[in-house]
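These are the residues of each chain, in order.
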Amino acid sequence: RVWIRFILIQNRAGKTRLAKWYMQFDDDEKQKLIEEVHAVVTVRDAKHTNFVEFRNFKIIYRRYAGLYFCICVDVNDNNLAYLEAIHNFVEVLNEYFHNVCELDLVFNFYKVYTVVDEMFLAGEIRETSQTKVLKQLLMLQSLE
Amino acid sequence: MLAGSRPGVGKAATSRRLAPLCSPSPGKSKEAEIKRINKELANIRSKFKGDKALDGYSKKKYVCKLLFIFLLGHDIDFGHMEAVNLLSSNRYTEKQIGYLFISVLVNSNSELIRLINNAIKNDLASRNPTFMGLALHCIANVGSREMAEAFAGEVPKILVAGDTMDSVKQSAALCLLRLYRTSPDLVPMGDWTSRVVHLLNDQHLGVVTAATSLITTLAQKNPEEFKTSVSLAVSRLSRIVTSASTDLQDYTYYFVPAPWLSVKLLRLLQCYPPPEDPAVRGRLTECLETILNKAQEPPKSKKVQHSNAKNAVLFEAISLIIHHDSEPNLLVRACNQLGQFLQHRETNLRYLALESMCTLASSEFSHEAVKTHIDTVINALKTERDVSVRQRAVDLLYAMCDRSNAQQIVAEMLSYLETADYSIREEIVLKVAILAEKYAVDYAWYVDTILNLIRIAGDYVSEEVWYRVIQIVINRDDVQGYAAKTVFEALQAPACHENLVKVGGYILGEFGNLIAGDPRSSPLVQFNLLHSKFHLCSVPTRALLLSTYIKFVNLFPEVKPTIQDVLRGDSQLRNADVELQQRAVEYLRLSTVASTDILATVLEEMPPFPERESSILAKLKKKKGPSTVTDLEDTKRERSVDVNGGPEPAPASASAAVGPSPAVPACCDGLGNNLLLFCSLMSRGVSQPQRAFPKHPRISAGGSEFVCKNNGVLFENQLLQIGLKSEFRQNLGRMFIFYGNKTSTQFLNFTPTPVPRCGLDSLTRTHLNLQTKPVDPTVDGGAQVQQVVNIECVSDFTEAPVLNIQFRYGGTFQNVSVQLPITLNKFFQPTEMSSQDFFQRWKQLSNPQQEVQNIFKAKHPMDTEITKAKIIGFGSALLEEVDPNPANFVGAGIIHTKTSQTGCLLRLEPNLQAQMYRLTLRTSKETVSQRLCELLSQQF
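Given the structure is predicted, the values throughout are model-derived calculations rather than measurements.

Draft legend 1. Quick look at the environment of Ser 538 of chain B. All names here are of chain B. Relative to the elements of secondary structure, Ser 538 occurs in the loop between helix H28 (523-534) and helix H29 (539-555). Each C-alpha atom of the pair Ser 538 and Glu 498 lies 8.3 Å from the other, and the pair is 40 residues apart in sequence. In this structure the side chain of Ser 538 is engaged in a polar contact, spanning 2.4 Å, whose partner is the side chain of Glu 498.

Draft legend 2. Fine view of the interface of chain B and chain A. The interface is formed by 85 residues belonging to chain B together with 78 residues belonging to chain A. Interface area, chain B with chain A, both sides summed: about 7400 Å², of which 54% is carbon and sulfur. Applying the counting rule to chain B against chain A returns seven salt bridges. Linking chain B with chain A are 29 residue pairs in polar contact (both at pLDDT 80 or more), by the criterion used here. At eight residues, helix H16 (residues 304-324) of chain B tops the list of elements feeding residues into the side of chain B that touches chain A. Class assignment of the residues belonging to the side of chain B that touches chain A gives a composition of 38 nonpolar, 28 polar and 19 charged.

Draft legend 3. Main features of helix H4 (residues 109-119) of chain A. Of all 11 residues making up H4 of chain A, 11 are buried, and the element is well covered by its neighbours. Within H4 of chain A, burial applies to Phe 109, Tyr 110, Lys 111, Val 112, Tyr 113, Thr 114, Val 115, Val 116, Asp 117, Glu 118 and Met 119 of chain A.

Draft legend 4. Expanded view of the packing of aromatic side chains. Counted by the stated rule, this structure contains 34 aromatic pairs over all chains. Ring centres 5.6 Å apart and planes at 40° place the aromatic pair Phe 109 of chain A and Phe 68 of chain B in the tilted group. One end of the pair, Phe 109 of chain A, is in helix H4; the other, Phe 68 of chain B, is in helix H3 (residues 56-71), on a second chain. Of the residues examined, Phe 109 of chain A reaches a relative accessible area of 4% and is grouped as buried. Geometrically, the ring pair formed by Phe 747 of chain B and Phe 750 of chain B is stacked, given 6.1 Å between the ring centres and 15° between the ring planes. For the residue pair Phe 747 of chain B and Phe 750 of chain B, the accessibility class agrees, reading buried in each case.

Draft legend 5. Main features of unusual backbone geometry. Residues and elements named next belong to chain A. Here Asn 99, not a glycine, exhibits a phi torsion of approximately 65°, which is positive. Relative to the helices and strands, Asn 99 is located in the loop between helix H2 (79-96) and helix H3 (102-107). Assessed through its relative accessible area of 40%, Asn 99 is described here as partly exposed. A positive phi angle, close to 55°, is found at Ala 122, a residue other than glycine. With respect to the helices and strands, the residue Ala 122 is situated in the loop between strand S6 (120-121) and strand S7 (124-125). Assessed through its relative accessible area of 1%, Ala 122 is described here as buried.

Draft legend 6. Representation of the packing of helix H13 (residues 229-241) of chain B against helix H15 (residues 278-296) of chain B within the structure. Residue and element names in this part refer to chain B. Running from amino to carboxyl end, H13 crosses H15 at an angle of 35°, the nearest separation of the two axes being 9 Å. Classified by chirality, the crossing of H15 by H13 is left-handed. Across the interface between the two elements, Ser 231, Val 234, Ser 235, Leu 237, Ser 238 and Val 241 from H13 touch Val 280, Arg 283, Leu 284, Cys 287, Thr 290, Ile 291 and Lys 294 from H15. For the contact of H13 with H15, the class distribution of residues is seven nonpolar, four polar and two charged.

Analysis parameters
Residues numbered from 1 in each chain as written. Chains lettered and ligands numbered in written order. Predicted model: local features only at pLDDT ≥ 70, side-chain atom pairs only at ≥ 80, totals over all residues. Heavy atoms only, no water. Helix = DSSP H or I, 4+ residues; strand = E, 2+ residues; numbered from the N terminus. Polar contact = N/O pair within 3.5 Å; in protein donor to acceptor, adjacent residues only side chain to side chain. Contact = heavy atoms within 4.5 Å. Buried area = accessible area lost by both parts, 1.4 Å probe. Salt bridge = Lys/Arg side-chain N within 4 Å of Asp/Glu carboxyl O. Nonpolar A, V, L, I, M, F, W, Y, C, P; charged D, E, K, R; others polar. Buried < 20%, exposed > 50% of the residue type's maximum accessible area, 1.4 Å probe, protein only. Phe/Tyr/Trp six-rings, centres within 6.5 Å; stacked < 30°, edge-to-face > 60°. Axes fitted to C-alpha atoms, helices over the stretch in contact; angles between N-to-C directions. Left-handed = near helix turned anticlockwise from the far one by under 90°.

Next up, the structure:
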């Protein structure tokens with residue numbers, strides 16, 4: 001009974017660049033979670049851990065330039081595995097968008113969702129091989 | 001990467017069509033944005049409504065724009081139909097945007113579900129792997145019950161079919177996992193299960209990765225069926241950990257072979273006890289040793305990614321070692337490894353090492369090894385910059401505490417408390433109070449510690465803590481004189497916390513006489529000291545002090561006139577507060593009219609409190625969630641009984657019949673009431689019962705036979721029988737649980753604990769409150785004990801609570817977990833209504849989310865009378881002569897929860913020829929309809 005509850009990408013100002021929910025929340029609740037996560041994560045500095053307790057769960061997060069990549073999991077789940085899953089995801093985005101920046105995520109949001117679904121599905125890690133994910137993404141791109 | 005060095009606007013060129021909507025210049029006002037968006041929405045709407053049919057490309061373009069506008073935070077109330085149309089396109093981009101729109105927006109509009117399901121069905125049958133992938137991802141993302149109904153049969157077939165592409169298999173596995181999580185009842189176990197297990201052998205590691213997640217979740221609920229996964233997982237793991245860092249190519253991450261898959265396999269193994277087959281067990285031990293050895297090798301890369309991935313596997317291996325709790329050698333090695341991390345320069349590793357060591361501390365094999373790190377942990381408490389790391393250090397100190405180091409740990413926690421973050425003060429206070437009590441050899445030390453707590457962090461000392469110190473002082477006459485002397489001295493401080501005044505007032509009122517011989521603390525001095533604080537205190541404290549004064553009248557006749565003067569004063573007799581005024585009047589009168597004998601009887605010393613579980617412990621459990629504490633506590637309690645003998649509980653006094661006399665009401669108010677063991681739902685660890693109770697990961701399902709009845713035998717094995725009697729009214733219930741010892745030997749440390757489990761949305765809500773008192777920890781052979789559980793249903797829920805029972809029998813520790821049959825229908829109140837009313841309401845509830853229907857085969861003979869009895873037992877009213885077809889059954893009732901009342905209508909249509917039933921539930925709340933339908937379907 002351990003899985004990712006949601007993935008959020010937010011910038012420092014609190015703008016959401018991606019929100020992927022793996023359990024049912026109503027819209028108000030989603031908004032509240034987004035705000036709370038932002039408040040919890042942005043006050044921490046680089047010397048702090050990449051893990052924060054959040055309600056009865058844990059946020060595993062990593063900051064890249066002005067963006068926070070956050071994954072919400074159960075308190076006893078494997079913290080480092082998710083921390084590196086974030087990095088693996090970011091490396092794929094970087095490769096796919098050729099040096100990714102925040103606006104890539106904004107304007108190509110529909111592609112970002114595809115990348116997420118290739119790597120995470122139903123709150124679980126689906127595929128970890130960067131080569132395999134990128135190959136699939138290029139194949140899909142060729143269909144456009 | 002994401003360095004943000006490039007000017008962002010340039011990039012917009014790649015997606016020019018969205019650019020006008022998202023102005024990168026921050027200068028524009030919010031109103032301008034809304035205006036622009038409204039204009040665009042109007043434009044799109046006119047395109048959709050236009051006479052000219054849009055081609056696929058334009059439709060996709062506009063649906064995509066709508067989605068973009070939605071993601072910017074604006075409401076979208078149209079375009080759903082166009083999105084659904086896109087699903088049947090043959091072009092990937094159009095289909096993809098259609099599916100994305102549905103995945104993101106489906107919550108707000110599910111009337112189209114039939115059309116969507118139809119499109120999904122076509123795509124699943126298309127044999128085009130790209131389209132199949134899109135369809136499976138859509139099911140996995142939405143995961144609604146309707147989708148489960150439509151596809152729970154199809155997805156397993158795709159998963160195990162020989163010709164399915166690898167990437168589709170991956171999606172199918174996780175898609176099925178999602179359906180199983182939302183609607184386990186709709187995912188039938190079958191032939192496919194054994195084939196799924198064999199996916200662990202698949203050549204494609206991505207397939208193995210996805211399948212392992214699925215198997216882990218299924219194995220938690222059906223451990224027997226997936227037992228064979230253990231040996232397969234071990235051999236897969238073994239191949240990974242022994243491979244060279246280049247062997248796995250695509251799956252090697254910074255020189256670590258398949259780290260995520262390794263973690264998942266290690267997690268899967270935590271659903272089971274250590275393998276019984278010695279060969280498998282030996283191989284697993286080798287794997288774990290290899291992982292521990294690798295941690296000592298020089299790193300293959302200086303990158304943090306390398307060490308993180310390696311350590312992710314290492315920590316999971318350590319979790320498995322702790323879970324098995326059977327190999328002393330591995331446990332000690334794990335402990336040494338964590339010890340190294342405690343001093344690591346990476347904050348993450350120090351944090352994780354503290355966290356992991358906390359569970360190690362409760363294993364008898366490694367408890368001593370953990371204790372050797374005490375100085376490092378204390379140092380962490382003092383020097384770590386991140387509060388969450390300090391919090392872990394506090395947790396670990398608490399977990400490693402025993403009689404040998406209690407004084408040191410309590411002293412360190414107290415000194416940390418002076419500067420601790422506000423967010424964790426209350427918890428530290430509770431922990432200090434518990435440790436001080438549990439390991440007190442010397443009760444003077446205990447009293448000092450609690451008074452120190454009040455001095456340092458008075459605001460964070462909850463009622464439970466100061467009630468507890470009073471209980472202990474009252475129950476132990478060897479400490480009463482010391483306590484009186486100490487509180488008297490503490491009260492001398494010019495500014496002391498109100499909690500100290502409460503404790504001081506109570507203790508001096510009971511035992512002030514023990515120090516009255518000393519002229520420095522003569523009765524009058526004591527009285528004046530207390531009364532000097534009186535006017536600064538709140539009403540409840542003043543009420544308590546008034547009771548102290550009347551007790552003084554009895555203890556010290558010489559101060560009676562002084563006290564009567566005070567009571568007679570206007571500020572007492574005419575106090576605006578009713579409680580204070582009443583006490584003043586009554587006490588004054590009592591002191592005047594009663595003879596010395598009567599005074600002595602009425603104001604006698606408080607009888608000892610019956611020994612119950614520490615109210616503080618209950619409070620900590622409440623704060624931290626039951627299982628995190630229970631599991632440490634129980635192991636510790638067990639150990640302290642063996643080794644240390646523990647503080648002897650004062651016997652519950654039979655003469656306590658005297659009871660708190662009517663004249664001393666308020667000062668003992670709450671002292672009794674607050675001793676309840678609170679088990680309310682704050683669950684942090686309950687969602688993983690296998691962690692909390694490593695030896696027995698399985699929860700026996702309390703039979704579904706209790707859905708329609710309230711009494712019976714819940715569980716029985718060779719040692720123990722559990723019987724139930726329960727009653728429910730509106731949103732409240734009471735359950736009597738009877739535990740019978742079937743053996744002739746005593747059960748020791750018998751601790752049954754009912755814990756609510758979280759449903760899927762437990763992140764935000766509490767559904768069920770359970771309150772109970774602990775039972776006598778000793779159950780004689782052949783004897784029966786009873787436990788009462790008070791139940792409050794806060795909102796509708798799916799997961800039944802679990803009753804965890806631990807006890808010692810003949811030297812071994814027994815662990816039983818049973819589901820408690822507290823189901824949503826217990827909070828049903830039947831409602832009678834006429835045929836006309838029924839159908840009118842039935843029509844009102846015609847929204848697709850409100851209706852849940854299930855068609856199923858009869859499992860029992862289809863007998864009308866039994867069916868009627870079951871519907872009534874289910875809780876709803878059975879409405880006769882309502883349905884035009886007399887063979888059908890209809891019922892109505894209201895589900896009461898604290899937060900809402902939900903009207904429910906049900907209709908059961910038997911088909912005798914086919915031996916089938918169709919059950920339809922309509923309520924105003926989707927989750928209620930679903931749950932009731934599930935529950936009732938199991939009954940026929």
